[in-house]
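Residue-level listing of the chains:
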Amino acid sequence: MLTITNFSKTYKGNKKAVDDLTLTVSAGDIYGFIGHNGAGKSTTIKAVVGVLDFEEGEILINGHSVKKDPFACKKITAYIPDQPNLYDHLSGIQYLNFISDIFKVSQADREERIRRYADMFELTGSLGDPTSTYSHGMRQKLALISALVHHPKLLVLDEPFVGLDPKAALALKNTMHELCKDGSAIFFSTHILDVAEKLCNKIAIINKGKLVASGVTDDLVQDKSLESLFMEVSAND
Amino acid sequence: MTNKSFQSLLLFKLQMINQYRLNNFKLLRDPRNKAMLDKLGAKENFETKKNNLVMLNIIVIVVLFSLFSFSTGYSLGHLGLADLIPAYAAASCAIASLAFTLLKTNGYLFGFRDYDLLMSLPVPISSVVASRFLLVYFTNLVFSFFLVLPMAAAHIIFVKPGVIIYLFWLIGIFTTPLIPTAIGVLLGSIVMAVATRSRHTKTVSSILAILLIMATLVLSMFSGELAVDLEESGDFAGMGTFIYDQICSLYPLADMFNKSFKSGGFIYFLLFIGLSIAVYLIMLLLISTKYKAINTALAGQIKRTDFELNQRLLSASPLKALYRKEWKRFLSCTVYLTNAGIGALMTLMFGLALAILGPDQAEAYLGVEGIGDTMNRLIPYLLAIMLSISCTSCSSLSLEGKNLWIIKSCPLSPRTIFDSKILVNLTLTVPVAVICGLLISIRLKAGLADTFIIFMIPLTSTIFAAVWGMYINIKMPRYEWESEIQIVKQSAASMIGMLGSAGIILVLTLIAFIPFGLHSVIIPIITIIGLCTATAILYQKVCRSEI
């Protein structure tokens, strides 16, 4: 579903944020992307979803190049940044309808999905309010619903659990499993190692822009914990 | 200096750096930062070009206004009315400062992003308010410089005063904007206080702000009209007294300021200074008491938690969805609405006035009586230039700000995004062009050819202005901002977008006027063809652009 090959990103001033990163996320994967602050997680994620331009390497989504055919890639991808800044002047329902229009979700589908996910994240009652009145957690929930409303094949999330209450976090985890059962793939960054260890079937650890470990979670962790593995590979660098 | 004053000045300094991005200028111009510049790379180097363009725009505006102001003062002196110049200078500065303060209160004093941060600091509210007051005052001081200083020069040329008058003018430049700033902020605060009582805070504040600005402009036009009536009589001395009375009835402090420049006027001068400072400080204290309450009311909008999903969610095409989103954005932001909407509103008022009063009265208003048929020829161009100032597209892309990730991660072609922004601009201006065209054509009993010109010049101009604005914003986007006012009023794209299109229309018109003369039918035809061609070329460039 997602293939990143030799991806590098250098910012102005020759600062290499990501260096020769290669990884593959298959359909059905819940792929955790772990690293320190400034390790290159958000840079990689932004390049995957077409928010950030890049020169070196190749990123393919379902066989389409992010560089050459971004439109085809974006049609099947949903993205939520770490700070979901939404349109303050729109109400929650107007924002969801806007995203549904952009992704051309049919009227019946959007009504059914919005109802289901809004109820699941307990946001239905607030959908009539402007998003400017929402708390961080409510914005996160609305962004999640907007990502799920068009049933993406690839869901890319940057720190999705930050700001979510325990009930919403559980609902998100269940939804992630549900999506993967339907053949979608999920690629997300997180600092919460416990979540990554329990939720992800695959993980990748990035340190100072370089991939230091990747693969099936159980194979990597073995008899240790993800936390000790993370500390080990980070310290080795 | 007291602790409070020091804190206010410190906050003011920080806000100036933030608002006008002074660090950019400093960083990008200091050769010692060469290594840093190299690190920042091409994008930031482009900022230098943008900064230069902003400076160029500011210089052009300042020069034009200064020339206008000087010529007004010089004309008064030439007519033997040099004694009136101080009153005229104070009144001009007051009207400009008042109008701009009304536009700026929401954004400078209320509804800015770092409000929470400022209020969490161990600083008294009055210091925060004082620093924001200073920010507004500082901007108005610019008006004072290019309105009062040139008139002071004209006054000095004719009166040849002693040294003390030079000193009065110098101090006057700094004190004349104080009271209009205070009154403007008070009126703006009342608008915000009234608006927060409504569920539709932003809509109410936008409507009230527009009404206040229109009232200020109508008031200034009214005084101009009275002067024109007297000018016809040729009684310049009588006219002088009349103008003076009118100005002083509108702005009584102008009388006090004027008397300062006559013999024994020192007392009046002290009174003027004292009153200006006192009113400024009283308003500051008054607003400090309600400042937190208004901002809290603005932040704490009424929430409902009883929404039910029983409505039909109507689907639309991506372009229509973007257009709706963009239109709501325009209506939801008072600064955006007032800044871009005022041109369209003024055009509409001008069109209505022309249709009701007829061209003869319009000539009187504009001070160009007796130009006859020329006025009819000029009307489409006046409409075009006024309408082209209503440019939303030149700020629309930058206003995406922190929401940019949404449109960038959605399956949207840049062209669809740009089209939606251009369409919003046209929604604002095209109906005004059509209504004005219709009313004026009927009033002038225009023939087929003239009707075509009355419709087509404003229409082609407004389409050109919308596309031009979009093109400029694509070339000069700025996504990092704290308050919308930084984009709508102070960004390079906004200045070049709004004034550039009006300038280009003016230049095209002049180019056609010079070789062919005023009455040639070929002039509007050339203008229309020129605008259509320029629009087509720019639109092609817009369509090929990326975000």
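Residues numbered from 1 in each chain as written. Chains lettered and ligands numbered in written order. Predicted model: local features only at pLDDT ≥ 70, side-chain atom pairs only at ≥ 80, totals over all residues.

Some details on the overall build of chain A
For step 1, the next point in the chain: A count of helices and strands for chain A gives nine helices and 10 strands.
For step 2, the next point in the chain: The C-alpha radius of gyration of chain A comes to 18 Å, within 12% of the 18 Å expected for a compact globule of 237 residues.
For step 3, the next point in the chain: If one aligns the C-alpha atoms of chain A with their principal axes, the spans along those axes are about 50 × 40 × 35 Å.
For step 4, the next point in the chain: A total of 237 residues make up chain A; the buried ones form 48% of that total.
For step 5, the next point in the chain: Intrachain contacts of chain A at a sequence separation of at least 6 include 72% that bridge at least 24 residues. (Helix = DSSP H or I, 4+ residues; strand = E, 2+ residues; numbered from the N terminus. Rg over C-alpha atoms; globule rule 2.2 N^0.38 Å. Buried ≥ 20, exposed ≤ 12 C-beta atoms within 10 Å, placed from the backbone. Contact = placed C-beta atoms within 7 Å.)

Quick word on the domain arrangement of chain A
All names here are of chain A.
For step 1, the next point in the chain: Segmentation of chain A into domains returns domain 1 (2-76 + 152-236) and domain 2 (90-151).
For step 2, the next point in the chain: Between the C-alpha centres of domain 1 and domain 2 there is a distance of 24 Å.
For step 3, the next point in the chain: Tallying the contact residues gives nine residues for domain 1 and 11 residues for domain 2.
For step 4, the next point in the chain: Here the residues of the side of domain 1 that touches domain 2 are counted per class, giving six nonpolar, two polar and one charged. (Domains from an automatic or database assignment. Nonpolar A, V, L, I, M, F, W, Y, C, P; charged D, E, K, R; others polar.)

What about the sheet that holds strand β10 (residues 210-216) of chain A?
Note on sheets: strands pair through backbone hydrogen bonds, and any given pair is parallel or antiparallel.
All names here are of chain A.
For step 1, the next point in the chain: Spatial strand order, β6-β7-β8-β3-β9-β10: six strands in an open sheet with mixed pairing. If you trace the sheet from one side to the other, it starts and ends with β6 (77-80) and β10, each paired once. For this sheet, the mean angle separating the axes of adjacent strands, direction not counted, is 15°.
For step 2, the next point in the chain: Note: strand β3 (residues 30-35) against strand β8 (residues 185-190), five bridges, orientation parallel. (Pairing = 2+ DSSP bridges. Axes fitted to C-alpha atoms, helices over the stretch in contact; angles between N-to-C directions.)

Remarks on unusual backbone geometry
For step 1, the next point in the chain: Even without being glycine, A:E122 reaches a positive phi, approximately 55°.
For step 2, the next point in the chain: Structurally, A:E122 is set in the loop between α4 (107-120) and α5 (136-148).
For step 3, the next point in the chain: The exposure class of A:E122 is partly exposed, given the 14 C-beta atoms found within 10 Å.
For step 4, the next point in the chain: Although it is not a glycine, B:K445 sits at a positive phi angle of roughly 50°.
For step 5, the next point in the chain: One can find B:K445 in the loop between α19 (414-444) and α20 (448-475).
For step 6, the next point in the chain: The class of B:K445 is exposed, set by 8 C-beta atoms lying within 10 Å.

What to know about the interface of chain A and chain B
For step 1, the next point in the chain: Taken together, the contacts link 35 residues of chain A with 29 residues of chain B.
For step 2, the next point in the chain: At the level of secondary structure, the elements contributing two or more residues to the side of chain A that touches chain B comprise α2 (70-75), α3 (92-102) and α4 of chain A.
For step 3, the next point in the chain: Along the lines of polarity and charge, the residues of the side of chain A that touches chain B split into 15 nonpolar, 12 polar and eight charged.

Points about the sheet that holds strand β4 (residues 56-61) of chain A
Residue and element names in this part refer to chain A.
For step 1, the next point in the chain: An order of β2-β1-β4-β5 is seen for the four strands of this open sheet, with the pairing classed as antiparallel. A strand with exactly one partner marks an edge of an open sheet, and here the two such strands are β2 (15-25) and β5 (64-65).
For step 2, the next point in the chain: Here seven bridges tie strand β1 (residues 2-11) to β2, and the two strands are oriented antiparallel to one another. Looking across to β2, one finds that T10 is bridged to K16.
For step 3, the next point in the chain: Against the sheet, helix α1 (residues 41-48) engages β1, β2 and β4, with an angle of about 120° to β1.

Looking at the packing of helix α4 (residues 85-108) of chain B against helix α11 (residues 252-259) of chain B
Residue and element names in this part refer to chain B.
For step 1, the next point in the chain: α11 packs onto α4 with a crossing angle of 140° between their chain directions and a minimal axis gap of 8 Å. For the element pair α4 / α11, the angle class is oblique. The handedness of the crossing between α4 and α11 comes out as right-handed. Touching P86, A87, A90 and A91 of α4 are L253, A254, D255, F257 and N258, all from α11. (Parallel < 35°, antiparallel > 145°, perpendicular 65-115°, else oblique. Left-handed = near helix turned anticlockwise from the far one by under 90°.)

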